[in-house]
Amino acid sequence: AYFGEEGKELITVDIIRLGGRKGTSSVRYTTQDSSAKAGVKYQRTVGQAVFEEGEWLKSFTVGITQDEIWSPTLDFKVVLYDPEGCTVPADGKSTRIKIIDDDMFPSNKYTKELQRGSAGIEEINQWGLFFEYLMLNFGHEGLGRSSVITMMFDQMKNMYLFFLLKARTYLVNVVFDTDNPATRAELIGVPPTEPDLDARTTAACWVGLTYILPMLFLHIWDISKVKMDLEGRSRVFLQTSIFRKYLNYSEQSRSKVRVSHMQVAIMNNTADLAKAYVNVLEMMQMLGKIVLLVFFMLTQDPQALPILALIPALMVVFGWARSDRLSKASEYAGPLKKVLIDLTCETCAKYRLIADYSQRAQMNELFSQRASELRRSLIPEKEVELNNNYFPMWLSPLFTGGYIAFAARMVLTGELSLGVFLATLSVFNEVCGDFSGLYRHIMDINTKLDSLKTLTKYFNMETEVLVLKDLCEHRRKWTQDAVAKVIQQLPPPDASGLLRSDLIPISLNHVTFGYSDGSGGSVLQDVCLSVPQGKMVAVVGTPGSGKASFMRLLAQTIFPVSGHIEIAQHLRVLFVAQLPVLFDQSPWKNIAFGRPDLKDVEIAHSILKELHMPQTLELLKTDVDAKRARSNWRGEATGEERGGPLADANAAKGGENGDYIALQSADTARDDSRIAVDDDMEADEKTTLLASCCSADTELEGVEIYDDFSWQERLSFTEQVKLCLARALLMNPEVLVLHRPFHNYDAPAQKLVARVLRDHMANRGLCLPAETWAERRPRTLFFTPESVVQAQLADVIWQIDPVSASVYEISPQELRPDFCTSENAQMVAKLREQWQSPHAKGG
């Protein structure tokens, strides 16, 4: 993917023409919304790239919108379409542009403190931080507009209450005051000639009707609020943002955040903040209500205002005195909740170890102890919360009783009308209730400020996007220079199936690497190596020599301290670890994870058969039947209309669509760079256009809920490892990096896997049609072998020397059984002798 920074207004996108560069070729391009929206985060761009004779590079720019509002790393697509005189591969026609936001969460006001991490966050006034969070919500597209609408229409309830107070006063003082003839003239909606009793009855009916009608509008508005779902939208905004942020964390940041803590942040902390935001909107409605009630008091009974003013004064004093009590009471329970969650997650993840060592009783006792500690820590919090809530509850009877004693004589002497007196009692009750609600909301928000601090910490942790941006820019420039060099060479013969771009080697240019904590010293020091594309490379070394780190460097999941690993930008790189990793999804979703848009499911079946995976093939049958049954039940389309395939193992071949049914596939952002060649063109005129910044980055949308994970337990460990290898072979990247791919197999399975990998390289993709071999780019494979025999399968052998922190190429004849280098073999033998000597003496 490309990376653009908000501070830089334009980002340059390249389109590279590979092949003979004969004649004129063209392709159109357009931007396409994803998480970033045109007009908000970037400027929509549409155009056409025309390559004249001999031209191989065209560039265009996309404008990035600069703002001061924080957002996670959002992205959009650039899509190539409508090619003329060339071919754009279907799965290589797009690339993603990620927008790196340069703002701090929730705003830049506290940048200096936020840059210092947790210590700096603790120094920030928590209510000031919460205010900045509120402004972030108001600045968010959709949330801010909906919030303003909510605050405006919520005042309808206050207007209705104001009307009710006036109506009650009118009923008592006018409609029902039959002793005062003057009130006859104040009756509304009745003819002057109507008898007094009938007129007053009619007026009362009109008042009753006006009680009822506004409720219809209030009901409709509340239904609209439910559908608007401000709290849910605010929560989802935070959840998706923290999820995106986590996926862009650096290795160091990920190591600092436990999985259970991230789960709590996504599910609980975001819900707390969303609720706090909605509380603020509800408080605005309460404040509007109080303003109207005060206005009513001014017009009806000004003498009650001093008493009314005492209510907020007492609430402020009490709230100020008790503001920290609840926070201090709850700060003990917070860490204990995390401890209990951590213990639960670890017990579930490592149950087998607990059971094997017969430690269930110990874990039960430990869990009971932690749960009891948490229970006890919650008691002070509940006690403080109870006392806080009772204070405003006392205010209503105290002030209402006091006002009755104060105003009783005025009512009896006629100085104060009965209607105004009764309405004022209602006002006191309403005002006390509203101030009580305000107080509870403030206390509730106060308890949620710890969630804000937690999310603020997570949102501002270091990401790897700037490193990836620098890497992308370097690869872009290096690829352009490399292409400029190879196009000066003679084109490869047609029989080789190579383009000039295939002559660009994979190189290590003065690569130095070591871990920042200094635990492993310098793993690599000024390494310079090169290998042509299409080679199988074995990386050998003694245990602890840094093979795993070296393989991850090649796959660019970690990055050198200095120097560069040069891989052409249009080549996809995939790393497969030694241990299997399966998602809690269906078998098919696991197999096709790297190819969610796969149309030809027979390739997947063929790969599984090549790897001798009968268990997975059988599971796939069941998976297909379940998908098809749900599809038929829902009345959805099947086959090619669905856009995503899955093989029907029980169907007979020969139908119009063969033996496949189509499943709904996720929109893919995978920037596949496989080259497709137009068969109608001459060999020396073969031309391909593709976005030059390609990756295996995939964004899944519309993932179905799949809650049956028992199939994973039914698979043997070997089958699980094979499934991960099959997933990689199905994705079919140009550069495949396998760490210890033979470790989990017996001898026959090792031979099988070795043959499959060789076939994958020879055919440029396992089980793909031989007639399209020339349309695919050479496949390069890096792997760490377990034995000399496995290492000798490779075309090239790279030796890691941990003593000199260097890597160099050796011949098969130079291989040692323990993968030691000739320089340090004697030292290793001496260390082994020293280690064995005391054991021999003791034995």
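Residues numbered from 1 in each chain as written. Predicted model: local features only at pLDDT ≥ 70, side-chain atom pairs only at ≥ 80, totals over all residues. Heavy atoms only, no water.

A. Geometry of the overall build of the protein. Helix and strand counts for the protein come out as 23 helices and 19 strands. Expressed as a percentage of its 843 residues, the buried residues of the protein come to 49%. Here the contacts in the protein between residues at least 6 apart in sequence split such that 74% fall between residues at least 24 apart. Carbon and sulfur atoms form 57% of the exposed surface of the protein, whose accessible area is close to 40700 Å². (Helix = DSSP H or I, 4+ residues; strand = E, 2+ residues; numbered from the N terminus. Buried < 20%, exposed > 50% of the residue type's maximum accessible area, 1.4 Å probe, protein only. Contact = heavy atoms within 4.5 Å. Areas by Shrake-Rupley, 256 points an atom, 1.4 Å probe, with all protein chains shown as cover.)

B. Expanded view of the nonpolar core. One finds Phe-130, Tyr-133, Ile-311 and Tyr-403 to be the most contacted residues of the largest nonpolar core, which totals 70 residues. Secondary-structure elements contributing two or more residues to this core are α3 (126–139), α4 (143–175), α5 (196–228), α6 (230–247), α8 (259–300), α9 (305–330), α12 (360–412) and α13 (418–459). The leading source of residues in this core is α13, at 18 residues. Those residues in contact with Ile-311, other than ones at most four positions away along the chain, are Leu-395, Phe-399, Phe-428, Val-431, Cys-432 and Phe-435. Listed in part, the 52 residues of the second largest apolar core include Val-540, Met-731, Phe-742 and Leu-781. (Core = buried A, V, L, I, M, F, W, Y, C linked by side-chain atoms within 4.5 Å.)

C. Fine view of the sheet that holds strand β19 (residues 806–810). Across the sheet, six strands lie side by side as β12-β16-β17-β10-β18-β19; this open sheet has mixed pairing. Single-partner strands in this sheet number two, and they are β12 (573–576) and β19. When the angles between neighbouring strand axes are averaged without regard to direction, this sheet yields 20°. Two elements, strand β18 (residues 796–801) and β19, share five bridges in a ladder whose sense is antiparallel. By the bridge assignment, Asp-801 is partnered in β19 with Ser-806. (Pairing = 2+ DSSP bridges. Axes fitted to C-alpha atoms, helices over the stretch in contact; angles between N-to-C directions.)

D. Spotlight on the sheet that holds strand β7 (residues 94–100). Judged by pairing direction, the sheet is mixed, and its five strands sit side by side in the order β1-β7-β6-β3-β4 without closing on themselves. Because the sheet does not close on itself, it has two edges, and the strands there are β1 (2–5) and β4 (46–51). Between one strand axis and the next, the sheet turns through 25° on average, direction left out of account. The sheet contact formed by strand β3 (residues 25–32) and β4 spans six bridges and is antiparallel.

E. Expanded view of the packing of α3 against α8. Remark: α3 packs on α8, axes separated minimally by 11 Å, with the N-to-C direction vectors making an angle of 85°. Judged by the inter-axis angle, α3 sits roughly perpendicular to α8. Every residue of α8 that contacts α3 at Phe-130, Tyr-133, Leu-134, Asn-137 and Phe-138 is listed here: Leu-273, Ala-274, Ala-276, Tyr-277, Val-280 and Leu-281. Residue classes in the contact of α3 with α8 are distributed as ten nonpolar, one polar and no charged. (Parallel < 35°, antiparallel > 145°, perpendicular 65-115°, else oblique. Nonpolar A, V, L, I, M, F, W, Y, C, P; charged D, E, K, R; others polar.)

F. Spatial organisation of the side chain of Asn-158. Note on placement: Asn-158 falls in helix α4. Reaching out from Asn-158, the side chain makes a polar contact with the backbone oxygen of Gln-285 at a distance of 2.9 Å. Asn-158 has contacts with Gln-285, Gly-288, Lys-289 and Leu-292, leaving out every residue within four places of it along the chain. (Polar contact = N/O pair within 3.5 Å; in protein donor to acceptor, adjacent residues only side chain to side chain.)

G. Geometry of the pairing of strand β10 (residues 536–540). Most of β10 is tucked away, with five of its five residues classed as buried. Side chains Met-536, Ala-538 and Val-540 of β10 all project onto a buried face; the interleaved residues Val-537 and Val-539 project onto the opposite face, where all are buried too. The pairing of β10 with strand β17 (residues 780–783) spans three bridges and is parallel. Bridging from a neighbouring strand, Met-536 pairs with Leu-781 of β17.

H. Broad picture of the confidence of the model for the protein. On average, residues of the protein score 81 in pLDDT, and 85% of them reach the 70 mark or higher. Scored below 50 in pLDDT, residues 628–705 shows 222 contacts in the model against residues more than four places distant or in partner chains. Scored below 50 in pLDDT, residues 839–843 makes zero contacts in the model with residues more than four places away or belonging to other chains. (pLDDT = per-residue confidence, 0-100.)

I. Quick peek at the environment of Lys-457. The topology assignment puts Lys-457 in helix α13. Through-space distance from the C-alpha of Lys-457 to that of Gln-115 is 9.6 Å; in sequence the pair is 342 residues apart. The residues contacting Lys-457, other than those within four sequence positions of it, are Ser-118 and Ile-121.

J. Highlighting the pattern of salt bridges. Summed over the entire model, instances satisfying the criterion amount to 29 salt bridges. In this structure, Asp-222 engages Lys-157 in a salt bridge whose closest nitrogen and oxygen atoms are separated by 3.1 Å. Within this pair, whereas Asp-222 is found in helix α5, its partner Lys-157 is found in helix α4, the two being separated by 65 residues in sequence. Judged by its relative accessible area of 29%, Asp-222 falls in the partly exposed class. Of the residues examined, Lys-157 reaches a relative accessible area of 28% and is grouped as partly exposed. Through salt bridges that share partners, Glu-5, Lys-469 and Glu-473 make up one connected network. (Salt bridge = Lys/Arg side-chain N within 4 Å of Asp/Glu carboxyl O.)

K. Layout of unusual backbone geometry. Omega for the bond connecting Phe-105 with Pro-106 falls within 30 degrees of zero, at 0°, which places this linkage in the cis form. By the secondary structure assignment, Pro-106 is in the loop between β7 and α1 (111–114). In the Ramachandran plot, Asn-732 falls in the positive-phi region, its phi being about 60° despite a non-glycine side chain. In this fold, Asn-732 is placed in the loop between α20 (717–731) and β16 (735–738). A relative accessible area of 2% places Asn-732 in the buried class. Backbone geometry places Arg-764, a non-glycine residue, at a positive phi of 55°. Topologically, Arg-764 is positioned in the loop between α21 (747–762) and β17.

L. A look at the side chain of Thr-31. Following the sequence through the fold, Thr-31 ends up in strand β3. In this structure Thr-31 comes out as buried when scored by relative accessible area, which is 7%. Ignoring anything within four residues of it in the chain, the contact list for Thr-31 reads Tyr-42, Gln-43, Arg-44, Thr-45, Val-62, Phe-76, Lys-77 and Val-78.

M. Expanded view of the packing of aromatic side chains. For the coordinates displayed, the defined rule picks out 16 aromatic pairs. Judged by centre distance (4.8 Å) and plane angle (65°), the ring pair of Trp-70 and Phe-459 falls under edge-to-face. On the criterion of sequence distance, the pair formed by Trp-70 in the loop between β5 (57–63) and β6 (74–84) and Phe-459 in helix α13 is long-range, its members being 389 residues apart. An angle of 85° between the planes, with centres 6.1 Å apart, marks the rings of Trp-127 and Phe-130 as edge-to-face. In this pair, Trp-127 and Phe-130 both sit in helix α3, three residues apart, roughly one turn of the helix. Relative accessible area serves as the criterion here: at 34%, Trp-127 is assigned to the partly exposed category. By the ring-pair criterion, three or more aromatic residues cluster together here, those being Trp-70, Phe-105 and Phe-459. In this structure, Arg-764 is placed above the aromatic ring of Trp-773, and the distance from its NZ or CZ to the ring centre is 4.1 Å. (Phe/Tyr/Trp six-rings, centres within 6.5 Å; stacked < 30°, edge-to-face > 60°. Lys NZ or Arg CZ within 6 Å of the ring centre and 35° of its normal.)

N. Looking closely at α6. Taking 1.5 Å per residue, 18 residues should reach 26 Å; α6 reaches 26 Å between its end C-alpha atoms and fits that length. Every buried residue belonging to α6 is among Leu-230, Gly-232, Ser-234, Phe-237, Leu-238, Gln-239, Ser-241, Ile-242 and Lys-245, and all of these are buried. The elements touched by buried residues of α6 are α3, α4, α5, α8 and α13. (Expected span 1.5 Å × (residues − 1).)

O. Structural view of the pairing of strand β8 (residues 506–514). Of the pairings in the sheet, the one linking β8 to strand β9 (residues 522–531) comprises six bridges and is antiparallel in character. The residue of β9 that forms the bridge with Ser-507 is Ser-530.

P. Highlighting the packing of helix α17 (residues 602–610) against α20. The geometry of α17 relative to α20 is characterised by a closest axis approach of 10 Å and an angle of 135° between their N-to-C directions. With respect to their mutual orientation, α17 and α20 come out oblique. As α17 runs across α20, the sense of the crossing is right-handed. Across from Ile-603, Ala-604, Ile-607 and Leu-608 in α17, the residues of α20 making contact are Ala-726, Leu-729 and Leu-730. When grouped by side-chain class, the residues that make up the contact of α17 with α20 number seven nonpolar, no polar and no charged. (Left-handed = near helix turned anticlockwise from the far one by under 90°.)

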